[in-house]
Amino acid sequence: RAYLRFAVEIPEGSVVTRATLVLSATTSADSTGVDLHGVADAGWGETTLTHENAPAHGPAVSRSGSFARDARVSIDATPLVADSGAVSMALTTAGADYRAFDSRESGAGPRLVVETAPETTITAGPPEGARSRDDGAVLEFGSSASPAWFWCRLDEGSWRPCVSPHLIFGLS
């Protein structure tokens, strides 16, 4: 097992859209790769962590698959990152072979890449589940970012630039 901890800062008014753990492999791995797990207890110490006192990890949230030596390995960590603060995780493998990655001291150590987007809020529109005899609707929305640009679509239609209020016709 390997334990990792990152200090994450999410900009105010933003939401996490994706988080990726990026590792540099110093060994190869067959299809069992490595599994990524969340660790609820982020209070473990890097210099005092042992097999006996390591905190329990949760179920695997994603898997790397196979990789070659010296490869850059990206693992989806989105389920583990929601807010600012310490994010603790563990890597395990079901494979029999040893897996190793560069440490932070190597200069190519693990990185947690967190992508965010401004929060968008619909401020006015028809009530959910409402039925109307009209063939149109008006939606109003805003963003935690300024300036903000919006793209809208109806059902499986094409995405198009839009502004608030946004008028939608042909609903009947």
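Okay, so let's go over this structure. Keep in mind the model is a prediction, meaning the values are calculated, not measured.

So, the pattern of salt bridges
Phase 1 of the analysis: All chains considered together, the criterion is met by four salt bridges.
Phase 2 of the analysis: Ionic pairing is found between Glu46 and Arg104, a salt bridge with its closest N-O pair at 2.8 Å. With Glu46 in the loop between strand S3 (35-38) and strand S4 (60-63) and Arg104 in the loop between strand S6 (85-92) and strand S7 (111-118), this pair connects stretches of sequence that are 58 residues apart.
Phase 3 of the analysis: Of the residues examined, Arg104 reaches a relative accessible area of 57% and is grouped as exposed.
Phase 4 of the analysis: Between Arg104 and Glu105 there is a salt bridge, with its nearest N and O atoms 3.6 Å apart.
Phase 5 of the analysis: Glu105 sits in the exposed class, given a relative accessible area of 59%.

Focus on a nonpolar patch on the surface
Phase 1 of the analysis: On the surface, a nonpolar cluster with roughly 310 Å² of combined accessible area is contributed by Val138, Leu167 and Phe169.
Phase 2 of the analysis: As for its placement among the helices and strands, Leu167 is situated in strand S12 (residues 166-169).

What to know about the side chain of Thr20
Phase 1 of the analysis: Secondary-structure assignment places Thr20 in strand S2 (residues 14-24).
Phase 2 of the analysis: When near neighbours in sequence (up to four residues on either side) are disregarded, Thr20 contacts Ser74, Ile75, Ala77, Arg111, Leu112 and Val113.

Focus: the sheet that holds S3
Phase 1 of the analysis: What the four strands build is an open sheet, ordered S1-S6-S3-S4; its pairing is antiparallel. Strands with a single pairing partner mark the edges of an open sheet, and in this sheet they are strand S1 (2-8) and S4. Recorded for the sheet is a direction-independent mean angle of 30° between the axes of neighbouring strands.
Phase 2 of the analysis: One ladder, built from seven bridges, connects S1 with S6; its direction is antiparallel. Note that in S6 the partner of Leu4 across the bridge is Met89.

Some thoughts on the packing of aromatic side chains
Phase 1 of the analysis: With the rule as written, the count across this model stands at three aromatic pairs.
Phase 2 of the analysis: With a centroid separation of 5.8 Å and an interplanar angle of 70°, the aromatic rings of Tyr3 and Trp44 are classed as edge-to-face. With a gap of 41 residues between them, Tyr3 in strand S1 and Trp44 in the loop between S3 and S4 connect regions that are remote in the sequence. Each of the two residues, Tyr3 as well as Trp44, counts as buried.
Phase 3 of the analysis: Note that Arg5 overlies the ring of Trp44, its terminal NZ or CZ placed 4.2 Å from the centroid.

As for the state of the cysteines
Phase 1 of the analysis: A complete count under the given rule lists one disulfide for this structure.
Phase 2 of the analysis: Two residues share a disulfide in this structure: Cys152 and Cys162, whose sulfurs sit 1.9 Å from each other. Judged by the torsion about the S-S bond (60°), the Cys152/Cys162 disulfide is right-handed. With Cys152 in strand S10 (residues 150-152) and Cys162 in strand S11 (residues 160-162), the pair connects residues that are ten residues apart, well separated along the chain.

Quick word on the nonpolar core
As a rule of thumb, nonpolar side chains are buried together in soluble globular proteins.
Phase 1 of the analysis: If you look at the biggest cluster of nonpolar residues, it comprises 21 residues, and the most contacted ones within it are Leu21, Leu36, Ile75, Val81, Met89, Leu91 and Leu112.
Phase 2 of the analysis: Elements supplying a minimum of two residues to this core: S1, S2, strand S5 (72-76) and S6.
Phase 3 of the analysis: Once you skip the residues sitting within four places of it in the chain, Leu21 turns out to touch Leu4, Phe6, Leu36, Val73, Ser74, Ile75, Ala77, Met89, Leu91, Pro110, Arg111 and Leu112.
Phase 4 of the analysis: By size, the runner-up hydrophobic cluster in this structure holds five residues, among which are Tyr3, Val39, Trp44 and Ala90.

Conventions and cut-offs
Residues numbered from 1 in each chain as written. Predicted model: local features only at pLDDT ≥ 70, side-chain atom pairs only at ≥ 80, totals over all residues. Heavy atoms only, no water. Salt bridge = Lys/Arg side-chain N within 4 Å of Asp/Glu carboxyl O. Helix = DSSP H or I, 4+ residues; strand = E, 2+ residues; numbered from the N terminus. Buried < 20%, exposed > 50% of the residue type's maximum accessible area, 1.4 Å probe, protein only. Patch = residues over 30% accessible without salt bridge, like charges linked within 9 Å, V, L, I, M, F, W, Y side chains within 5 Å. Areas by Shrake-Rupley, 256 points an atom, 1.4 Å probe, with all protein chains shown as cover. Contact = heavy atoms within 4.5 Å. Pairing = 2+ DSSP bridges. Axes fitted to C-alpha atoms, helices over the stretch in contact; angles between N-to-C directions. Phe/Tyr/Trp six-rings, centres within 6.5 Å; stacked < 30°, edge-to-face > 60°. Lys NZ or Arg CZ within 6 Å of the ring centre and 35° of its normal. Disulfide = S-S within 2.5 Å. Core = buried A, V, L, I, M, F, W, Y, C linked by side-chain atoms within 4.5 Å.

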